[in-house]
Each structure stands twice: as C-alpha cells, then as structure tokens.
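Residue-level structural notes
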Amino acid sequence: MLSAVVAGAPFDVCALQPYRDSLRPSLSDVSGRLPRIRLAEQPNIRIGSADGEDHTLFNGIAALAKFEDGGIAVVDAGNHRVVYFDSTGRFLRVAGRRGDGPGEFRQIRTAGQCADGSVFIQDASHARLTYLDQIGALRGTEQLPVGANHDQIFWCGGTEGALILFYQLRGTVRPGEIMAVSTAVARLAGGSTDTLVRPGSHEFYISARHSAFTTIPFGGAVLAAGSGASAFACHTITGECFQFRDGIPRPRTAVLAVPRRPVTGAEWQRAIEVHLSAEPSRGYRNLAVNILAEIPPRTLTSRFDKLRVDQDGNLWLRTTDHFITPVATWVVLSSSGAPIAVASTPRELEVMWIGKGFLLGYTRNEDGVEQIVEYRVRR
C-alpha cells in the first residue's frame with residue numbers, strides 16, 4: 001500500500017460502508033487528517049519525444065504495464081504495437097504490428113496487465129484478446145463474444161478469465177439525444193460470458209451532425225479498473241461501487257459520498273479537455289471536439305471522474321473538487337472500503353499504473369506529443 005504521512009489540511013469524505021443484498025448502505029462521515037501521498041517534483045523516468053527514434057514516437061497510449069524486474073510495456077494503440085523498455089527506460093524491443101494475423105492488430109481499444117503478469121490487448125476490429133508475455137512473445141488469443149468488440153475489458157486473471165463491462169444498448173437511437181444505457185459486468189472465459197452484477201446506467205450522447213457518439217463529461221458513467229487479483233466497478237453519480245476478487249463479486253457493495261457541486265464554465269471547459277486527453281485515438285479525439293460542442297454544459301459535477309486500482313488492490317478515485325487547479329485529488333480506499341489516504345497528482349498526468357512506491361502514467365504537451373513518466377512517491 002502506498003502511504004505517506006505529512007502535514008495537510010483536513011479532508012472530509014464519507015467512508016465506504018458494506019451492506020448485503022437489498023439493505024441500504026449507511027454513510028459514516030470521516031473528518032480529520034488522512035495520510036497524504038505526493039509525487040516527487042520530477043519524474044525519475046521520462047520516455048517519448050516528437051523528434052526522437054521511432055520507438056519514442058507514441059500515437060495513443062492505451063495502457064502501461066510494469067513487470068517484477070522493473071521493465072515497462074507500452075501499448076501504443078495508434079501504431080498497433082507494444083513497446084518494451086527496461087527499468088531505466090532503455091528501449092528493448094517491439095511486439096505486434098498492423099495486420100490480421102496472430103499478434104497483429106487493427107484497432108486496439110483497451111489493454112492492461114493480467115494477474116499472472118502477461119499483457120492483454122483488446123482488438124475491436126478483430127473482436128479478440130491477444131496475450132503477450134514479459135518479453136513480447138505471443139501467449140495466445142481469445143475470441144470475444146459477438147457484439148463485444150468495443151466493450152471494456154477491465155480485469156484479466158490470465159488463466160482465470162477476464163471481466164468485461166457490457167454496454168447493453170436497447171431502444172431507438174435518436175441523434176442529438178442523451179441515452180442512459182444499462183451496463184453489466186460479466187465474466188469472460190472460453191468465449192462465453194456469465195453476468196455477475198449490473199452496476200448502473202452509462203450516459204452516451206448521440207451526435208446530431210456526425211455518425212458517432214461519446215460519453216459525457218460529468219455525466220453518469222460506470223468506471224471500472226483492476227490490478228492483480230482485485231477489481232472495482234463504480235458509478236460516478238451514485239458513488240456506488242462493486243468489488244471483485246479473482247473475478248468473483250464480493251458479497252458487499254459500497255458508496256462513496258463525495259459531494260456534487262454546480263459546474264462553472266471553466267470547469268466544463270476543463271472537463272472537455274480531460275475527456276479528450278484520455279482517448280487513445282487521435283482521429284477520434286479530433287471528431288470528439290465537434291461532438292462535445294453539441295452537448296449543453298452539465299449543471300452538477302460527478303462525484304469522481306477517474307478510477308484506478310493499485311498493486312495492493314486499493315481503490316483510487318479522482319474527485320472533482322479543485323477541478324480547474326493544476327493538482328488533482330484522489331481518495332484512496334482500502335479493499336474493505338475505508339478511506340486510508342489522499343493523493344495529489346499533476347492534473348495533466350494520465351495515471352495508468354500505481355505500484356509500491358511509484359506511479360506510472362503519461363502526459364501530452366501542447367502539440368499532443370505523448371511522454372511516459374514514472375514518479376516516485378514523496379514520503
């Protein structure tokens with residue numbers, strides 16, 4: 001568990017309280033000083049440049065993985081490849097390319113690291129998962145169920161299957177309208193699925209001028225992430241979270257009652273920027289600018305807008321307070337749901353991997369050039 005105790009202002013949150021079956025959760029206010037997690041002022045590793053060698057020119061980072069020896073794998077979606085570096089950031093090798101054969105990709109949507117250390121890549125064009133080992137060798141492939149090309153794979157247990165967040169679109173699609181689409185978390189194994197929980201609805205805006213849709217900044221959404229044996233799926237408006245252990249839902253649900261606030265004009269513009277920066281496809285980012293311009297600003301913030309799970313299975317939720325400041329705030333909760341720390345990260349940093357004593361992510365400069373950075377935790 002990452003932790004650092006330093007002086008800081010009181011931070012008020014509501015604890016996650018477990019409940020079973022149909023019982024309502026009881027919220028317990030937690031006031032006082034929580035341990036603070038801060039990053040070192042400068043990253044100890046920085047990879048990526050606009051005029052460097054080919055392996056430093058990234059085009060839509062979909063995921064980062066960290067291995068036991070400190071090595072880093074970069075799933076470079078726009079370039080249809082996975083790039084491997086050692087613990088110092090020195091280039092090692094490239095796996096994958098554009099194509100249709102084993103170990104080749106057409107449209108990488110989501111990716112991550114399995115509990116057994118392998119890297120999984122979801123190819124929406126081929127509707128399949130590809131598994132690579134620590135040195136980029138192909139370990140195997142798995143076909144996705146029909147219609148699940150773009151649904152998010154958010155946890156992978158290697159031989160223990162995977163968890164997928166299904167968006168269950170029903171009814172007539174009307175351009176220019178917001179649709180609340182129900183979601184379901186299912187276990188994926190051997191090409192078949194088994195629905196586990198239904199974590200709530202996810203809002204999409206259907207463009208009136210383009211044949212495309214998008215999620216909505218500050219909108220109702222189900223966010224999901226996993227690391228090692230642990231995974232979570234949480235709703236940004238209700239604050240309700242479902243926890244999974246080894247791909248199995250635990251017999252508890254929890255609620256984080258971070259308050260919602262009225263949205264200012266500056267916050268709405270910042271929310272659009274954040275929304276665009278998290279999209280790995282440069283082409284879709286350019287299209288999304290025009291789609292988002294059709295959506296009227298939201299009146300209230302969501303409770304949080306990012307979700308990550310660290311190497312120890314703790315849940316990190318990036319709250320929407322201090323939203324237009326250069327520093328983002330995360331509430332860190334233990335696997336039992338108790339708030340255990342508050343973390344601070346640069347607002348422009350897209351956090352991808354949280355390990356023991358370090359944090360790995362990427363940033364984009366004003367020209368859109370992507371740089372991978374690893375920060376040590378300041379204790």
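For the structure itself, look to the data block above.
What this report covers is the structure whose coordinates are included nearby. From a predicted model like this one, the values you see are computed outputs, not experimental measurements.

This part is about the overall build of the chain. When helices and strands are tallied, the chain shows 2 helices and 28 strands. Split into buried and exposed, the 379 residues of the chain put 56% on the buried side. Across the chain, the fraction of contacts at a sequence separation of at least 24, relative to all contacts at a separation of at least 6, is 51%. When the accessible area of the chain is evaluated, it comes to approximately 16300 Å², of which 49% is carbon and sulfur surface.

This brings us to the sheet that holds strand E7 (residues 81-85). The sheet built from 4 strands is open, its strands ordered E5-E6-E7-E8 with antiparallel pairing. Looking along the sheet, the strands with just one partner apiece sit at the ends: strand E5 (61-66) and strand E8 (91-95). Sheet twist, expressed as the average angle between the axes of neighbouring strands with direction ignored, equals 20 degrees. Pairing between E7 and E8: 4 bridges, direction antiparallel. Residue pairing in the sheet places Tyr84 in a bridge with Arg93 of E8.

Overall, the coordinates contain 8 aromatic pairs when judged by the stated rule. Put simply, the rings of Phe58, Phe85 and Phe91 pair up and form one aromatic cluster. The ring of Phe358 carries the charged tip of Lys66 above its face, separated from the ring centre by 5.0 Å.

Here we take up helix H2 (residues 282-292). Within the sequence span of H2, burial applies to Arg285, Ala288, Ile291 and Leu292. With its buried residues spanning 115 degrees around the axis, H2 presents them on a single face.

It is worth spelling out the sheet that holds strand E9 (residues 108-113) at this point. With respect to topology, 4 strands assemble into an open sheet ordered E9-E10-E11-E12, the strand pairing being antiparallel. Among the strands making up the open sheet, the edge pair consists of E9 and strand E12 (138-143). For this sheet the average axis-to-axis angle between neighbouring strands, irrespective of direction, equals 15 degrees. Both strand E11 (residues 128-132) and E12 contribute to a ladder of 5 bridges, which runs antiparallel. Each bridged residue has a counterpart across the sheet, and for Arg128 the counterpart in E12 is Gln143.

Rules behind the numbers
- Residues numbered from 1 in each chain as written.
- Predicted model: local features only at pLDDT ≥ 70, side-chain atom pairs only at ≥ 80, totals over all residues.
- Heavy atoms only, no water.
- Helix = DSSP H or I, 4+ residues; strand = E, 2+ residues; numbered from the N terminus.
- Buried < 20%, exposed > 50% of the residue type's maximum accessible area, 1.4 Å probe, protein only.
- Contact = heavy atoms within 4.5 Å.
- Areas by Shrake-Rupley, 256 points an atom, 1.4 Å probe, with all protein chains shown as cover.
- Pairing = 2+ DSSP bridges.
- Axes fitted to C-alpha atoms, helices over the stretch in contact; angles between N-to-C directions.
- Phe/Tyr/Trp six-rings, centres within 6.5 Å; stacked < 30°, edge-to-face > 60°.
- Lys NZ or Arg CZ within 6 Å of the ring centre and 35° of its normal.
- Arc of directions from axis to C-beta.

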